[in-house]
Every structure is written in C-alpha cells, then in structure tokens.
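Structure at a glance
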Amino acid sequence: MNNKLVGFLTAHRLQRFDTRKAEVLLYEIGVLPKYQKRGIGKALLAELKKWAKEVGADEIWVLTAQSNKAAIALYTASGGSVESNNEQLFVFKI
C-alpha cells in the first residue's frame, strides 16, 4: 500500500497460572474502509497467530457483537470458531 498505514491490531498476551500456557486477547483490529476486503485483516490475524506462537500462547480469543457481521466474517474466514453465544458485558465505572 505504498508504505501507508491502512490497518492495525492491538493484542495482549495473558499469562495463565493453571495447566495451560499463555493466551492472547485480540483487543481491537481495524482496516480503513477504503482498503477493506483486500485480505489485510486476514494478513494481520496471520501475523498475530505467528506472534502468539512465539510468545508461548496456545489460544487467541476475541469478543464481538453478533451484529458485527464484518468481524464475524473475518474471524470465521481466518479459522476462528464460535465458542459461546452467551456473553454478558460488565462495566465497572471508576
């Protein structure tokens, strides 16, 4: 894209203290509308999978709304699977 920033993601490695390894939370991913549907989101997720493996994680997870059809399509096309349709969002005001 001529060295132009058109997409990003933010992820966090979360260390587990049970029998599992670490896990990675995909906090946010975005691609400028003009550049969507060109494989950029998939490429970002592929790089995230590589990084997760490098840092010893055994899973990447992300939450999204059922109404976010674009996110669901991206995650499904990138090998993700729905684990639960029963999530609740709690917010703690500080």
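For the structure given in this document, a descriptive report is provided here. (Residues numbered from 1 in each chain as written. Predicted model: local features only at pLDDT ≥ 70, side-chain atom pairs only at ≥ 80, totals over all residues. Heavy atoms only, no water.)

Observations concerning the overall build of the protein chain
We count it as follows: Runs of E in the DSSP output that reach at least two residues are strands. Runs of H or I that reach at least four are helices, and both are numbered from the N terminus. Pairs of residues are marked as contacts when any of their non-hydrogen atoms sit within 4.5 Å. Each accessible area is a Shrake-Rupley estimate made with a 1.4 Å probe; only the visible protein chains count as cover when residues are assessed. His residues and chain termini do not enter the charge count, which takes Lys and Arg as positive and Asp and Glu as negative. Every charge is mapped onto a representative atom, which is NZ of Lys, CZ of Arg, CG of Asp or CD of Glu.
The helix and strand inventory of the protein chain stands at two helices and three strands. Counted from the first residue to the last, the protein chain has its helices and strands arranged as β-β-α-β-α. Projected onto its principal axes, the C-alpha positions of the protein chain cover 45 × 30 × 30 Å. Considering only contacts within the protein chain whose residues lie at least 6 apart along the sequence, 53% involve residues at least 24 apart. As displayed, the protein chain has an accessible area near 7700 Å², and 55% of this comes from carbon and sulfur atoms. Once the 14 positive and 9 negative side-chain charges of the protein chain are each reduced to a mean point, those two points are 10 Å apart.

Comments concerning the pairing of strand E2 (residues 22–31)
Stated precisely, the cut-off is as follows: Buried means the residue's accessible area, taken with a 1.4 Å probe over protein chains only, is under 20% of the maximum for its type, while exposed means over 50%, and partly exposed covers the values in between. DSSP calls a pair of strands paired once it identifies at least 2 bridges connecting them.
Most of E2 sits inside the fold, with seven of its 10 residues counted as buried. In terms of strand pairing, strand E1 (residues 7–14) meets E2 through eight bridges, oriented antiparallel. Counterpart to alanine 11 in the pairing with E2 is leucine 26. Here E2 pairs with strand E3 (residues 57–61) via three bridges, running parallel.

Considering the layout of surface pockets
Filter applied, for reference: Within this scheme a cavity is a closed region of a 1 Å grid, computed over the protein atoms alone, that accommodates a 1.4 Å probe without allowing it to escape, whereas a pocket is open but has protein on both sides within 12 Å along at least five of seven lines; lining residues each have an atom within 4 Å of a point. Grid points are joined across faces, edges and corners, and a volume is the space filled by probe spheres set on the points. Nonpolar residues are Ala, Val, Leu, Ile, Met, Phe, Trp, Tyr, Cys and Pro. Charged residues are Asp, Glu, Lys and Arg, and all others, Gly as well, are polar.
The space that makes up the largest pocket amounts to roughly 1100 Å³. Those elements that provide at least two residues to the lining of the largest pocket are helix H1 (40–54), E3 and helix H2 (69–77). Looking at the lining of the largest pocket residue by residue, the class counts come to 14 nonpolar, 11 polar and six charged. Lining the second largest pocket are 18 residues, and of these Gln36, Lys37, Ala70, Ala71 and Leu74 lie nearest its centre. Residue assignment for the lining of the second largest pocket shows that the elements contributing at least two residues are E2, H1 and H2. With six residues, the top contributor of residues to the lining of the second largest pocket is H2. Classifying every residue of the lining of the second largest pocket gives 10 nonpolar, five polar and three charged.

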